[in-house]
Amino acid sequence: MLRVGYSANLAAELLTGFPQGIELIRLPRELDHDVEIDVWLPDPYPTRNLKIVPHLRGVKLVLSLMAGTEWIPGAMGPHVTICNARGAHNVSTAEWTLSAILMMLKHFPLFLDIQRSGDWKRRFDASAEYATITGDAGMHYPPVMLEELTGKTVMLVGYGSIGKEIERMLEPFRVELIRVARTSRDNPKVHAVGELDALLPKAQVVVLILPLSPDTRWLIDARQFALMQQGTLVVNAARGPIVNTDALVEALKSARIRAALDVTDPEPLPEGHPLWKCPNLLITPHVGGSSPEFARRALQVAADELRRYMAGEPLLNVVQAAV
Ligand SMILES: NC(=O)c1ccc[n+]([C@@H]2O[C@H](COP(=O)([O-])OP(=O)(O)OC[C@H]3O[C@@H](n4cnc5c(N)ncnc54)[C@H](OP(=O)(O)O)[C@@H]3O)[C@@H](O)[C@H]2O)c1
């Protein structure tokens, strides 16, 4: 019988859709003895997993409940197959991305600040914020107090499972889309990442939704910020180190660009870090995938993958094949 270890933090009723012929082993947060399992469903939080990894024996397959799996190969080594929960985060992360874009273009962080101050007349602060960040110092009458997404050029850096869901949700806004991924292809047109620098000046919104890897670390650095249009909105829904934080702080402080971040480098962002005080910035503390529907969806993806594994069928979401 296949032994499947799962985090004791997960409600057992979420595992009822798992295939027959397995033995489910609850793994507590702290392990003081070795446990033999064939398949491991790690807890969503890497630090908890790293504590129990030394006690896991016989693991052949890791079914991560997350899309980002960057900590697992180093912890488990090359002889283990690793799958992610591709698809489980699509809706929640794409909705976060749309909300972040709209919040920033509608200057909601400022309006929330105005609401808290109880000073209606501060609404004109939005005109000043608009002029500073976009560089549009022309006279507008009536005054501009928010912007529109409709018709803007949006670049998706990463056109995978979540990137495609973001595209679907952007449809009503009739934006001009520029898709960038590892490799180029047609129908629809996707550019190779090598073209990124040439394409950046065309976009008003740049969404990062790709995995962190040695190739994508600091993909967005001072050079890329310099290539962007004045006031470009950078949305990082992926992983913090894809952006060079020092360069980001500089670009925000000089009001070259604006940003919405669900992820930061470092993470958690320590108290007193310069990012907390940067202008034109919205930060959410890595919550993009965390809706009530997440666990059910992620475990469904894992259950389907497990069924394929047991049937000897090809797995769909392999991020590392065992060597
Ligand atoms: N904020 C959150 O809470 C949250 C939630 C879920 C996921 N995420 C992050 O979002 C990432 C994307 O998730 P997903 O499910 O959409 O992944 P996915 O389906 O695997 O798609 C990844 C996309 O990134 C592209 N890519 C990979 N390496 C690249 C490189 N070196 N340069 C340019 N593009 C590259 C891929 O290009 P090809 O299509 O050419 O292969 C693909 O289009 C995850 O890895 C995770 O880090 C964050």
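Preceding block: the structure.
These lines cover the structure that appears in this document, whether it is placed above or below. (Residues numbered from 1 in each chain as written. Predicted model: local features only at pLDDT ≥ 70, side-chain atom pairs only at ≥ 80, totals over all residues. Heavy atoms only, no water.)

### Things to note about the sheet that holds strand β12 (residues 233-236)
The strands that make up a sheet pair up through hydrogen bonds in the backbone, lying either parallel or antiparallel. The condition is simple: A pair of strands is treated as paired once DSSP finds two or more bridges between them. Secondary structure elements are taken from DSSP: a helix is a run of H or I of four residues or more, a strand is a run of E of two residues or more, and numbering for both begins at the N terminus. Any two residues whose heavy atoms approach within 4.5 Å at even a single point are treated as in contact. In this analysis, axes come from line fits to C-alpha atoms, helices being fitted only over the stretch in contact, and the angle between any two N-to-C directions falls in the range 0 to 180 degrees.
Spatial ordering of the open sheet is given by β10-β9-β8-β11-β12-β13-β14, a layout of seven strands whose pairing is parallel. Both outer strands of the open sheet, β10 (191-192) and β14 (281-283), are each paired with one neighbouring strand and no more. Sheet analysis places strand β9 (residues 176-181) next to β10, joined by two bridges and oriented parallel. Looking at the pairing, V180 lines up with H191 of β10. Sheet strands touched by helix α6 (residues 161-170): β8 (153-157), β9 and β11 (205-208). Its angle to β8, the strand with the most contacts, is close to 165°.

### Quick look at the site of the ligand
For the record, the criterion: In this text, near means that some heavy atom of the residue lies within 4 Å of the molecule or strand in question. The term polar contact refers here to a pair of N or O atoms within 3.5 Å; inside protein, the definition further demands a hydrogen-donor-capable atom paired with an acceptor-capable atom, and it admits residues adjacent in sequence only when both atoms are side-chain atoms. With residues, only the protein chains shown are counted as cover, and all accessible areas are computed by Shrake-Rupley using a 1.4 Å probe. Residues are grouped as follows: Ala, Val, Leu, Ile, Met, Phe, Trp, Tyr, Cys and Pro are nonpolar; Asp, Glu, Lys and Arg are charged; every other residue, Gly included, is polar.
The immediate surroundings of the ligand are formed by 27 residues, with R86, Y159, S161, R182 and R185 found nearest. Contact distances for the ligand include 3.4 Å between an oxygen atom and a side-chain N or O atom of R239. In this structure, G289 approaches the ligand through a main-chain N or O atom, which is 3.3 Å from an oxygen atom. Contact with the protein chains covers 90% of the free accessible surface of the ligand, which is 930 Å². When its residues are assigned to classes, the shell around the ligand shows 10 nonpolar, 11 polar and six charged.

### A short note on a positive patch on the surface
Which entries qualify depends on this criterion: Within this analysis, patches are made of residues with over 30% relative accessible area and no salt bridge. Like charges are joined at 9 Å or less; nonpolar side chains (Val, Leu, Ile, Met, Phe, Trp, Tyr) at 5 Å or less. What makes a salt bridge here is a side-chain nitrogen of Lys or Arg within 4 Å of a carboxyl oxygen of Asp or Glu, nothing more. Lys and Arg are tallied as positive, Asp and Glu as negative. Neither His nor the chain termini are counted. All charge positions are set by atom: Lys at NZ, Arg at CZ, Asp at CG, Glu at CD. Residue exposure (1.4 Å probe, protein chains only): buried if accessible area is under 20% of the type maximum, exposed if over 50%, otherwise partly exposed.
Taken together, the side chains of R86, K164, R182 and R185 define a basic patch exposed on the protein surface. Classification of R182 as exposed rests on a relative accessible area of 75%.

### Here we look at helix α5 (residues 125-134)
Note the following rule: The arc in question is formed by the directions pointing from the helix axis toward the C-beta atoms.
For α5, every residue scored as buried is listed here: A126, S127, Y130 and I133. Viewed along the axis of α5, the buried residues span an arc of 145°, placing them on a single side of the element. Contacts made by the buried residues of α5 are with α4 (108-117) and β13 (258-261). Just beyond α5, the residue with positive phi is G135, at close to 80°.

### Topic: the environment of A321
On the secondary structure map, A321 appears in the segment after β15 (318-320). Setting aside residues no more than four positions away along its own chain, A321 makes contact with P78, V80 and T81.

### A look at empty space enclosed by the protein
To keep it simple, the criterion reads: Cavity and pocket criteria rest on a 1 Å grid covering protein atoms alone: a 1.4 Å probe that fits but cannot get out defines a cavity, protein on both sides within 12 Å along at least 5 of 7 lines defines an open pocket, and an atom within 4 Å of a point defines a lining residue. Grid points are joined across faces, edges and corners, and a volume is the space filled by probe spheres set on the points.
Tallying each qualifying case throughout the model produces two cavities of 30 Å³ or more. By volume, the largest cavity is sized at about 80 Å³. Lining the largest cavity are S7, N9, L27, P28, R29, W40, L41, P42, D43, R48, N49 and I52. Listed by contribution, the elements that provide at least two residues to the lining of the largest cavity are β4 (39-41) and α1 (46-52). For the lining of the largest cavity, the element with the most residues is α1, which contributes three residues. Of the residues contributing to the lining of the second largest cavity, the split by class is five nonpolar, four polar and one charged.

### Here we look at unusual backbone geometry
A cis amide bond links D265 with the next residue in sequence, P266, at an omega value of 10°. Summarising the element assignment, P266 is placed in the loop between β13 and β14. Along the chain, E267 connects to P268 via a cis peptide bond; the corresponding omega equals -5°. Note on placement: P268 falls in the loop between β13 and β14. Here the phi dihedral of H286 falls at roughly 45°; this positive angle occurs in a residue that is not glycine.

### With respect to the environment of S254
Here S254 shows up in the loop between α9 (245-253) and β13. Expressed as a C-alpha distance, the spacing of S254 and R182, which sit 72 residues apart in the sequence, is 31 Å.

### Side note on the packing of aromatic side chains
The criterion, for reference: Within 6.5 Å between ring centres, the rings of Phe, Tyr and Trp (the latter by its six-membered ring) count as paired, and their orientation is classed by plane angle as stacked under 30 degrees, edge-to-face over 60, tilted in between. Two limits define a charge over a ring: the Lys NZ or Arg CZ must be within 6 Å of the ring centre, and within 35 degrees of the ring normal.
Evaluated as defined, the whole model comprises one aromatic pair. Ring geometry for W40 and W71: centres 6.2 Å apart, planes at 85°, overall edge-to-face. Here the residue W40 occupies a position in strand β4, and W71 occupies one in the loop between β6 (61-63) and α2 (72-76), the gap between them amounting to 31 residues. The same class applies to W40 as to W71, namely buried. Sitting above the plane of the F124 ring, R123 keeps its charged end 5.4 Å from the centroid. Over the ring of Y159 we find K164, and its NZ or CZ is 5.3 Å from the ring centre.

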